[in-house]
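The chain contents come next:
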Amino acid sequence: MPITQTPEVAWRAIAPALALAGGGVIALLVIAARPKIHRAALAALSLAAIGAASWSTFDLCALRYRVVMQGSVAVDGVSLFANLILLVTAAMTVLLSYHYLERRRIHRAEYYPLLLFATCGMVLLAAANDLILVFLAIEVLSLALYVLAGMARRDAGSQEAALKYLLLGAFSTAIFLYGIALSFGATGTTNLGRTAVKVASGGVDARLTSAAMALLAIGFGFKVSVVPFHMWTPDVYQGAPTSVTGFMAAGTKAAGFAALLRVFLVSFGALQWSWRPVLWGLAAATMVVGSILAIAQSDVKRMLAYSSIAHAGFVLVGVVAGGREGLSASLFYLLAYAVMVLGAFGAVIVSAPDGRERLSFGEWAGLGQRHPVFAGAMTLFLLSLAGIPPTAGFMGKFFVFSAAVQAGETPLVVVGVLASVVAAFFYLRLIVLMWLTEPAGEAQELGASPAPALALALAAAATLAFGVYPQAIMDLARAASVFTG
Amino acid sequence: MSLAWVLTLGALLFSLGIYGVLARRNAVLVLMGIELMLNAVNVNLIAFDAWIRQGNATGQIFALFIITVAAAEVGVGLAIVLLVFRRRETINVDEVNLLKW
């Protein structure tokens, strides 16, 4: 193959990422030309870019699944389903952000382009079929998120979150890259499909591939916050502005897991016997440690951070189960988790006026009497996070656990169920505080305004709908559980 | 020169970088440790590329990507370090510890 051959660009296949990146660039140019532009215009522009990306994603659904751009971008069920999760997450984040940033007086114009670039990185990560693109996509989303985490520039907690996220994120990326280098050395290619062929043919150095898989697992483990690589999660989630935290929790997990699934199931599928036990152990440790550490928390954001660690463990159960069942269960779980965690962080955002939030548990006491609708929504999200029917979280857990049982991983399911029992404790503690204690002190207003209220209502409706009637989404996830290698 | 020597160099550089990240308390030196790790990866990629001898030079191109992205990362990193320093007048990562349980 002559090197001078011009690569063919599949514009239609990368249109979702292009729409987001294009929206981000346009927003930056607008900001450069008119620094005083009203933030609502930027929010509307972001929503338009997200809408364009959604439209082109739907447009792609009609096409046959295939890999494009010299095999580096995969258009398949998993990437399309991940796009759905990511674009919903981004749109809800824009709705939740606007008034929150305004009230906290950190409404900097760069917020919107950074959000779009991060989403673009996530969309690319979910579709990446080449380790080079996996790396680039991780960096695009991470660099944007480092800055977003530090958006409240004068707030010491936000600064600290940005610093910790940056140092640990860059550290994990370096480890991840070392894994890529070893995988490249073992197989002579960075393309996931060709790696799979090489690995399956058996002509690769087993030591190199084992080391590569271990390092790649560590890199992904950091990004999706799996124990023992979770140390940064509570600090970053607590310190970052809450709208960014919700976006990180829902989006990074969905994109990271889509890439993890693709790398391990497609490239190293033939070596299942060597990575499955490791992921088994990580899943068990993540569920147990995440749930137990969450009990000790007295800060709502920190509690939700530990809960997000535990949820990464539940998704990993689906990965360990493998096969089409495990894959579709993981995808369903990621969507359900995105909806409920955005709802929960959204509820924290609107919980108090004047840019304040109810962060300590005590401030939630008696909210049920004073703001029953709001407390009801938060209760729904917490029940869903705890995995109690009829909510999305329950169906998600049900699907991953049944996939794992079918795959013969019953002991892991036992660990998972025990961990969810422990986890139910701290979610219920907050619910009891809201409904069964007397409100103390002056009545506090909520900080609700139309856009976040709409986002919360949508999240609540989805949480309930996925729980009561999961079949439609599950059918979609099952249809989407196809990789093109 | 055999591949093993170059890979050993890469592994040593990578280990040095990890040591720098874990042992240094100054945020700038931690960033430098990360740079060392990234350059170890570059050494590995180029060594493997030369060893495999494919026409399309994937490893070398990847190394170029890593160099570019590392520059962007350090840019963002130093900006954040500067922000922290302005407020606290320290960039010792042990003293940046408000968020703890």
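Residues numbered from 1 in each chain as written. Chains lettered and ligands numbered in written order. Predicted model: local features only at pLDDT ≥ 70, side-chain atom pairs only at ≥ 80, totals over all residues. Heavy atoms only, no water.

Participant: Lay out the environment of A:Ala259 in plain terms, naming residues and giving numbers.
Facilitator: Residue and element names in this part refer to chain A. Mapped onto the elements, Ala259 comes out in helix α10 (residues 242-267). C-alpha of Ala259 to C-alpha of Ile138: the two residues are 121 residues apart in sequence and 9.7 Å apart in space. Ala259 has contacts with Leu125 and Phe220, leaving out every residue within four places of it along the chain. (Helix = DSSP H or I, 4+ residues; strand = E, 2+ residues; numbered from the N terminus. Contact = heavy atoms within 4.5 Å.)

Participant: Let's hear about the side chain of A:Glu139: which residues, and what values?
Facilitator: Position of A:Glu139 relative to the elements: it lies in helix α5 (residues 131-149). Of the buried charged residues, A:Glu139 lacks a salt bridge, with A:Lys223 as the closest side chain of opposite charge at 5.7 Å. Apart from residues lying up to four places away in sequence, A:Glu139 is in contact with A:Thr173, B:Val69 and B:Glu73. (Buried < 20%, exposed > 50% of the residue type's maximum accessible area, 1.4 Å probe, protein only. Lys, Arg positive; Asp, Glu negative; His and termini not counted. Salt bridge = Lys/Arg side-chain N within 4 Å of Asp/Glu carboxyl O.)

Participant: Lay out the packing of aromatic side chains with the relevant residues and their values.
Facilitator: Residue and element names in this part refer to chain A. Here the structure, examined in full by the defined rule, presents 19 aromatic pairs over all chains. Ring pairing ties together the aromatic residues Phe332, Phe394, Phe398, Phe399 and Phe466, which thus form one cluster. Its guanidinium or amino end placed over the ring of Phe314, Lys397 lies 4.5 Å from that ring's centre, counting from NZ or CZ. (Phe/Tyr/Trp six-rings, centres within 6.5 Å; stacked < 30°, edge-to-face > 60°. Lys NZ or Arg CZ within 6 Å of the ring centre and 35° of its normal.)

Participant: Could you give an account of a nonpolar patch on the surface, with specific residues and numbers?
Facilitator: Taken together, the side chains of A:Val9, A:Trp11 and A:Leu18 make up a nonpolar region of the molecular surface, amounting to roughly 300 Å² of accessible area. Residue A:Val9 is classed as partly exposed on the basis of its relative accessible area of 33%. (Patch = residues over 30% accessible without salt bridge, like charges linked within 9 Å, V, L, I, M, F, W, Y side chains within 5 Å. Areas by Shrake-Rupley, 256 points an atom, 1.4 Å probe, with all protein chains shown as cover.)

Participant: Describe the environment of A:Pro16, and please don't skip the residues or the numbers.
Facilitator: Residues and elements named next belong to chain A. Looking at the secondary structure, you find Pro16 in helix α1 (residues 15-33). Judged by relative accessible area, which is 1%, Pro16 ranks as buried. For the pair Pro16 and Leu331, spaced 315 residues apart in the sequence, the C-alpha separation amounts to 19 Å. Among all residues touching Pro16, those that are not within four sequence positions of it are Ala53, Ser56, Thr57, Leu60, Asn83 and Val123.

Participant: Describe the interface of chain A and chain B, naming the residues involved and giving the relevant values.
Facilitator: The interface of chain A with chain B comprises 44 residues on the first partner and 44 residues on the second. Together chain A and chain B conceal approximately 3,800 Å² of surface at their shared face, both sides included; 78% is due to carbon and sulfur atoms. For the interface between chain A and chain B, the tally reads 1 salt bridge. A:Glu160 is the salt-bridge partner of B:Arg88, the closest N and O atoms lying 3.4 Å from each other. The interface formed by chain A and chain B includes 5 residue pairs in polar contact (both at pLDDT 80 or more). Counting only elements with at least two residues in the side of chain A that touches chain B, the list comes to α5, α6 (156-187), α9 (232-239) and α12 (300-321) of chain A. (Buried area = accessible area lost by both parts, 1.4 Å probe. Polar contact = N/O pair within 3.5 Å; in protein donor to acceptor, adjacent residues only side chain to side chain.)

Participant: Give me the pattern of salt bridges: which residues, what numbers.
Facilitator: Once their charged atoms are close, side chains differing in charge can pair, the charge on each being opposite to the other. A complete count under the given rule lists 12 salt bridges over all chains for this structure. Between A:Asp155 and A:Arg104 there is a salt bridge, with the nearest N and O atoms lying 4.0 Å from each other. With A:Asp155 in the loop between α5 and α6 and A:Arg104 in helix α3 (residues 77-104), this pair connects stretches of sequence that are 51 residues apart. Residue A:Arg104 is classed as partly exposed on the basis of its relative accessible area, which comes to 22%. Residues B:Asp94 and B:Arg25 are paired through a salt bridge, measuring 3.5 Å at the closest nitrogen-oxygen approach. Remark: B:Arg25 occurs in the loop between α1 (3-23) and α2 (27-52) and B:Asp94 occurs in the segment after α3 (58-88); sequence separation between them is 69 residues.

Participant: Hey, could you go over the packing of α5(A) against α3(B) for me, with residue numbers and the actual values?
Facilitator: Running from N to C, α5(A) and α3(B) point in directions that differ by 5°, and their axes come no closer than 11 Å. When the interaxial angle is binned, α5(A) and α3(B) end up roughly parallel. Contacts from A:Leu131, A:Ile132, A:Phe135, A:Leu136, A:Glu139, A:Leu143, A:Tyr146 and A:Val147 in α5(A) reach B:Thr58, B:Phe62, B:Phe65, B:Ile66, B:Val69, B:Ala72, B:Glu73, B:Val76 and B:Ile80 in α3(B). Split into classes, the residues belonging to the contact of α5(A) with α3(B) amount to 14 nonpolar, 1 polar and 2 charged. (Axes fitted to C-alpha atoms, helices over the stretch in contact; angles between N-to-C directions. Parallel < 35°, antiparallel > 145°, perpendicular 65-115°, else oblique. Nonpolar A, V, L, I, M, F, W, Y, C, P; charged D, E, K, R; others polar.)

Participant: Got a sec to walk through unusual backbone geometry? Specific residues and values, please.
Facilitator: Residues and elements named next belong to chain A. With an omega of 5°, the peptide bond running from Val227 to Pro228 counts as cis. Inspection of the secondary structure puts Pro228 in the loop between α8 (206-223) and α9. The phi dihedral of Arg105 falls on the positive side, at around 60°, and the residue is not glycine. With respect to the element layout, Arg105 can be found in the loop between α3 and α4 (111-127). Even without glycine at this site, Ser225 takes up a positive phi of about 55°. Here Ser225 is to be found in the loop between α8 and α9.

Participant: Give me the packing of α4(A) against α5(A): which residues, what numbers.
Facilitator: Residues and elements named next belong to chain A. Packing of α4 against α5 brings their axes to within 8 Å, and their N-to-C directions diverge by 155°. Classified by the angle their axes make, α4 and α5 are roughly antiparallel. Seen from above, α4 lies across α5 with left-handed handedness. Across from Tyr111, Leu114, Leu115, Phe117, Ala118, Gly121, Met122, Leu124 and Leu125 in α4, the residues of α5 making contact are Leu133, Val134, Ala137, Ile138, Val140, Leu141, Ala144, Leu145, Val147 and Leu148. (Left-handed = near helix turned anticlockwise from the far one by under 90°.)

Participant: Tell me about α12(A), residues and numbers included.
Facilitator: Residues and elements named next belong to chain A. With 22 residues, α12 extends 32 Å between its outermost C-alpha atoms, agreeing within 8% with the 32 Å of an ideal straight helix rising 1.5 Å per residue. Of all the 22 residues making up α12, 22 are buried; the element is thus mostly covered by neighbouring parts of the structure. For α12, the N-terminal capping position is held by Asp299, with its side-chain oxygen 2.9 Å away from the main-chain nitrogen of Lys301. (Expected span 1.5 Å × (residues − 1).)

Participant: Before we move on, could you go through the nonpolar core and cite the residues and values that matter?
Facilitator: Residue and element names in this part refer to chain A. Formed by 226 residues in total, the largest nonpolar core has its most connected members in Leu145, Phe257, Phe332, Trp364, Leu382 and Leu430. For this core, the element with the highest residue contribution is helix α13 (residues 323-349), accounting for 19 residues. Every residue in contact with Leu430, bar those within four places of it in the chain, is listed here: Val300, Met303, Phe361, Trp364, Met378 and Leu382. (Core = buried A, V, L, I, M, F, W, Y, C linked by side-chain atoms within 4.5 Å.)

Participant: Explain the confidence of the model for chain A to me, and be specific about the residues and the numbers.
Facilitator: Predicted confidence across chain A gives a mean pLDDT of 92, with 99% of residues reaching 70 or more. When mean pLDDT is compared element by element in chain A, α4(A) scores highest at 97, while strand β1 (residues 66-68) of chain A scores lowest at 87. (pLDDT = per-residue confidence, 0-100.)

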